[in-house]
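Chain by chain, the residues run as shown.
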Amino acid sequence: MVLFLQQMINGLSVGSIYALIALGYTMVYGIIRLINFAHGEIMMVGAYIAFILAVNTSLPFILILLISMVLSAVIGVLVERVAYKPLRKAPRISVLITAIGVSFFLQNLALVIFKADPKIMPELIEKKPIAIGPLQVGTVTVTTLALSIVFMIALDLFVKRTKPGKAMRAVSEDKDAAVLMGIHVNKTISLTFAIGSALGALGGVLYGITYTQVFPTLGVLPGLKAFIAAVLGGIGLIPGAVLGGFVIGMIETITKAYLSSQWSDAIVFGLLIIVLIVKPTGILGKNEKEKV
Amino acid sequence: MKKSLALLMAMVMILSLALAGCAKSDADSVIKLGVIGPMTGDYSMYGTAVAEGAKLAAKEINAAGGVNGATIDIIAYDSKGDKTEAVNAYNRLRDQDGIKGLIGGTFSGETLAIKEIAVGDNMPVLTPTATHSDVTLNAPNVFRACYTDPYQGATAAKFATEQLGAKTAAVLYNIEDAYSDGLANAFNTKFAELGTITDFEGYTTKDADFKAVLTKIADKDPDVIFLPDYTAKVGVILSQIKELGIDVIAIGGDGWDGIEADYADVAEGHYFANHYAKTDSAQIVQDFIAAYEKEYGKTPSALAALGYDSTYIMAQAMEKAKSTEAQKVVDALAKTDGDYVTGHITFDANGDPVKSISIIQIVNGEHKLAAKVSGE
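What you see is a predicted model, and the numbers here were worked out from it, not measured in a lab. (Residues numbered from 1 in each chain as written. Chains lettered and ligands numbered in written order. Predicted model: local features only at pLDDT ≥ 70, side-chain atom pairs only at ≥ 80, totals over all residues. Heavy atoms only, no water.)

**Describing the overall build of chain B**
In terms of helices and strands, chain B carries 12 helices and 15 strands. A globule of 376 residues ought to have a C-alpha radius of gyration of about 21 Å, and chain B, at 23 Å, matches this closely. With respect to the three principal axes, the spread of C-alpha positions in chain B is 80 × 55 × 40 Å. Classification of the 376 residues of chain B by burial places 55% in the buried group. (Helix = DSSP H or I, 4+ residues; strand = E, 2+ residues; numbered from the N terminus. Rg over C-alpha atoms; globule rule 2.2 N^0.38 Å. Buried < 20%, exposed > 50% of the residue type's maximum accessible area, 1.4 Å probe, protein only.)

**Here we look at the nonpolar core**
Residue and element names in this part refer to chain A. Counting residues in each nonpolar core, the largest one holds 86 residues, and the members touching the most others are L23, L34, Y84 and L155. The element best represented in this core is helix α1 (residues 2-32), accounting for 14 residues. Contact partners of L34, with chain neighbours within four places excluded, come to V28, Y29, Y84, V95, L96, A99 and F193. (Core = buried A, V, L, I, M, F, W, Y, C linked by side-chain atoms within 4.5 Å. Contact = heavy atoms within 4.5 Å.)

**Description of the packing of aromatic side chains**
Residue and element names in this part refer to chain B. Considering all chains together, one arrives at 20 aromatic pairs over all chains under this definition. A ring pair is formed by Y173 and F200, whose centres lie 5.0 Å apart and whose planes are at 35 degrees; its orientation type is tilted. With a gap of 27 residues between them, Y173 in strand β6 (residues 168-174) and F200 in strand β7 (residues 196-203) connect regions that are remote in the sequence. Of the residues examined, Y173 reaches a relative accessible area of 8% and is grouped as buried. Considering the side-chain rings of Y203 and F210, the 5.0 Å spacing of their centres and the 80 degrees angle between planes classify their relative orientation as edge-to-face. Here Y203 matches F210 in class, with each residue buried. Aromatic ring contacts, followed pair by pair, group Y276, F288, Y292, Y296, Y308 and Y312 into a single cluster. The cationic tip of R92 hangs over the ring face of Y77; the distance from NZ or CZ to the ring centre is 3.9 Å. (Phe/Tyr/Trp six-rings, centres within 6.5 Å; stacked < 30°, edge-to-face > 60°. Lys NZ or Arg CZ within 6 Å of the ring centre and 35° of its normal.)

**As for the sheet that holds strand β11 (residues 337-340) of chain B**
Residues and elements named next belong to chain B. Strand order in the open sheet formed by three strands is β11-β12-β13, and the pairing between neighbours is antiparallel. Where the open sheet ends on each side, the last strands, each with one partner, are β11 and β13 (353-354). Across two bridges, the pairing between strand β12 (residues 343-347) and β13 is antiparallel. If you follow T346 over to β13, its bridge partner there is V354. Sheet strands touched by helix α11 (residues 302-321): β11 and β12. Its angle to β11, the strand with the most contacts, is close to 150 degrees. (Pairing = 2+ DSSP bridges. Axes fitted to C-alpha atoms, helices over the stretch in contact; angles between N-to-C directions.)

**Topic: the domain arrangement of chain B**
All names here are of chain B. For chain B, the domain assignment lists domain 1 (30-147 + 280-341) and domain 2 (150-274 + 359-373). The gap between the C-alpha centroids of domain 1 and domain 2 is 30 Å. Domain 1 puts four residues into the contact, and the matching count from domain 2 is eight residues. Of the roughly 630 Å² buried between domain 1 and domain 2 on both sides combined, carbon and sulfur atoms contribute 58%. Linking domain 1 with domain 2 are one salt bridge. Linking D280 and K372 is a salt bridge whose minimum nitrogen-to-oxygen distance equals 3.0 Å. (Domains from an automatic or database assignment. Buried area = accessible area lost by both parts, 1.4 Å probe. Salt bridge = Lys/Arg side-chain N within 4 Å of Asp/Glu carboxyl O.)

**Points about the packing of helix α2 (residues 39-56) of chain A against helix α3 (residues 61-84) of chain A**
All names here are of chain A. Remark: α2 packs on α3, axes separated minimally by 9 Å, with the N-to-C direction vectors making an angle of 140 degrees. In terms of axis orientation, α2 runs oblique to α3. Every pair of crossing elements has a handedness; the one defined by α2 and α3 is right-handed. For the pair α2 and α3, the contacting residues are I42, V45, G46, I49, A50, L53 and A54 in the first and I64, I67, S68, L71, S72, I75 and G76 in the second. A breakdown of the residues in the contact of α2 with α3 according to their chemical character gives 10 nonpolar, four polar and no charged. (Parallel < 35°, antiparallel > 145°, perpendicular 65-115°, else oblique. Left-handed = near helix turned anticlockwise from the far one by under 90°. Nonpolar A, V, L, I, M, F, W, Y, C, P; charged D, E, K, R; others polar.)

**Here's the deal with the interface of chain A and chain B**
Each partner contributes residues to the interface: chain A has 30 residues there, and chain B has 26 residues. Here chain A packs against chain B, burying approximately 2,400 Å² in sum over the two surfaces, 52% of which is carbon and sulfur. When the area that chain A buries against chain B is broken down by residue, the three leading residues are A:Y211, A:K256 and A:Q262, summing to 22%. Taken together, the connections running from chain A to chain B amount to zero salt bridges.

As structure tokens, then:
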């Protein structure tokens, strides 16, 4: 039983990072129907920014985190302005291909600047086990979980309670009607990209700290899994992304713990296929979609 | 038009043949030895380390009077870690430079690619670092200075049981990597004879999260955990072992060399098998380290030590043979018996070294020679 609980905590820690990244996918999809394949790379950029700050300055962890999130948000908005906005009226497939292009561009840019070898992330959070009853929980795991939950609640409040949040929901429901109501659509889309990218960067920094390394292809696999999480939960739905992230994290951990670690990826990706066959709209997806 | 072109080409070919002929003839007072390895790209540190070690050895040998009155000249070519490039480099070394022996290749893959041609040429080949077991198989002229993957894995198992008194062990290895897989299986087989393997788990190169599998391993409370992978991955695993607070001794292979640079705190107290120990007090080891540091301003890696040893072994074989004639050198190589930086070396029937393995413990972020274990 203790072992099972221990594994559950491991699953939560992996899942919370997937959930954070999945939020970026789902919000952008909700508002402009684009699967932003460059999102995993924004996560990588966020991790590199934190790495540079941690190596060159002695700023406290939380400040490094915030600076990295803000800068990544700016980059996210920039990507949207440069690569996606001119294609707003183009067929959706063009934008999708552009997104893949941006993803490769950012990856190769990082490759040129930082080289392929993994950089070691300084220990921003001191790594040691904390005993909770019979369980051993790492400091990094606790921090990851706490930060993820805080930012998820903040996002939920923002979308539900504030005016810009309301505008986001309106644009995702019906863009043209939103314009008629006097909502600045482009600004709202930029805001969505900014928030999504900031959360992606948070995921990236936590990923870098948890796994001690930063490298140019860091965003690829977690990005892909977060995308699956978003689809699994019901793409376009914020609670769906969070649920999907935790479900994927749990499945991965349980597979590794009780079956075999070689199979965990195969099982996660297989799950995506099954969900798409049985319930194409995802776990929380309904026919009349309630979007971001 | 076509005729004149054909004539031109014929002339170019004749000229190039004549020039190639010239290049070969002036090599009497110089014995050229080739080095092949990745000198650029992601793995450049491996090839350059071997070349630096070899050049240092050549410099010392020449300063001491050379071999049979001739000086040794090391010619190093870049393989970029690629098999085709390695074969091209070998052809160039043989045809253009007229080498009398090859110190290389650096990787197993490139050495295997060169092997067939080299066997046909009966070229004396001594690879410093190719660990794959097939490298020396059915190739009487191919030798190696490093030990093989299975030998290393089995020795690590022997060390765990005999010196650490381990009764139970877990193995966690990279299923996508031949090196990791080879070590893991050899360790598994050997340890199973002496104790119990509690878990034999694999992961893939892209895996970053080991908490689940480590929690599973920790539940059976093994005495040691065997982690045969390279520094970048081992560092991640050791960090998570520390974070989960698992009390286990980790053992690794020569892939751990250099782990103290980035992961000193998480690797503290753990052991790994290596080709030589920097803190080995033997005179030959300390002399080598001092000379290398003076020449290049950095501490030599295990690969540099192997490149250095290989050059000495090759030069001594030529001296013993009193000739650079291929068959005589090969015969002399087979009779090698001496003390080198990476240990006492003799060759078995395959051309694989019979040597002791240094087991190193990371203590206060430094290498400490914990034991010298002879395998098998």
